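Coordinate analysis (summary)
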Amino acid sequence: MMTGFVNNIIPFSSVDGPGNRTAIFLQGCNFNCIYCHNPETINICGNCGTCITACPNGAIAQNNSKVFWDKTKCCNCDACIKACNNNSSPKVSKMSTDDIINEVTNYKPFIQGITVSGGECTLQEDFLISLFTKAKSLGLTCFVDSNGSKDFKEMANLLELCDGVMLDVKSFDNSIHNKYIDFDNKHVLSNLDYLASIGKLYEVRTVIVPEIFNNEETVKRVSEIINKYDPNIRYKLIKFRNLGVRHSLKSHPSPSDKYMDELKNISEKNGCKNIIIV
Ligand code: SF4
Ligand code: SF4
């Protein structure tokens, strides 16, 4: 049976695609963004056991060198996540696609569909294909939120089942992308063009980090591509916030409202009609 590493399931979300949706967050990401707010989603738990003593409720235990988390004892204080030096969490469940579908079935009368996010969900491509096949048979729409690191042209079976993609474009400049994201943006940019060209690009997201990212260039170039295919594709400009971030950006300022409006103007001038600032 197909299983995946699931960090969290939010029964109802209105910010993860069209309408009310169940959002499923998978564990594991191949990026290492300097501004990541959820670094505990990056790696699969290495079973080192460090977090066991950090837990005030005895909710984490080790058996045969595997670490187990007891949801019923957990108060979600996140002391375990703070103790982990592996950008991971013991609060990750290995779930089958049937487990998820059983849970989603409870919410079905109230949702349009499911959105799978991460981490980077396409790293568990076969799991997604199995999950989406079952969700589709229930009449639910299926969206993914992706960092765009894997070539969607090579994921045809997944794309066929996928109603839309929310794509992060962090930096058009590859040297900045490599420096602050720790990964090449080649596939991100080719996916931006390809997904828009086949009508599967639901939304593009850019986190605006003042000073260290070339935000103006990224917003301009993304907007030009959106305009080329469909000016009504939504472009979400997200204000950087330092809550929960690691490293040097812990006290980095958020962009001002004025700067966000300037970026929105750049996007509008380059043809975008559906821009939101969050
Ligand atoms: S979040 Fe849960 S498992 Fe983690 S330390 Fe707190 S009680 Fe223990
Ligand atoms: S969550 Fe982190 S600290 Fe806890 S066992 Fe896994 S790798 Fe070790």
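So, here's what we can say about the structure. (Residues numbered from 1 in each chain as written. Chains lettered and ligands numbered in written order. Predicted model: local features only at pLDDT ≥ 70, side-chain atom pairs only at ≥ 80, totals over all residues. Heavy atoms only, no water.)

1. Here's the deal with the site of ligand 1
As a structural note, the neighbourhood of ligand 1 is formed by 14 residues, with Cys-55, Cys-74, Cys-77, Asp-78 and Cys-80 the closest of them. Across the shell around ligand 1, the residue classes break down as 10 nonpolar, two polar and two charged. (Near = heavy atom within 4 Å. Nonpolar A, V, L, I, M, F, W, Y, C, P; charged D, E, K, R; others polar.)

2. Side note on the packing of helix H2 (residues 97–107) against helix H3 (residues 125–137)
Where H2 contacts H3, the axes come no closer than 10 Å and their chain directions differ by 35°. Two packed elements cross with a definite hand, and for H2 against H3 that hand is right-handed. Residues Thr-97, Asp-98, Ile-100 and Ile-101 of H2 lie in contact with H3, whose contacting residues are Phe-127, Ser-130, Leu-131, Lys-134 and Ala-135. Class assignment for the residues of the contact of H2 with H3 results in five nonpolar, two polar and two charged. (Axes fitted to C-alpha atoms, helices over the stretch in contact; angles between N-to-C directions. Helix = DSSP H or I, 4+ residues; strand = E, 2+ residues; numbered from the N terminus. Left-handed = near helix turned anticlockwise from the far one by under 90°. Contact = heavy atoms within 4.5 Å.)

3. Things to note about the sheet that holds strand E2 (residues 21–26)
Across the sheet, which stays open at both edges, the nine strands sit in the order E5-E1-E2-E6-E7-E8-E9-E10-E11 with mixed pairing between neighbours. Of all strands in the sheet, those bounded by a partner on one side alone are strand E5 (93–96) and strand E11 (275–277). The mean inter-strand angle of the sheet, taken between neighbouring strand axes irrespective of direction, is 30°. Pairing of E2 with strand E6 (residues 113–117) involves five bridges; the strand directions are parallel. From the neighbouring strand, Phe-25 faces E6, where its bridge partner is Ser-117. (Pairing = 2+ DSSP bridges.)

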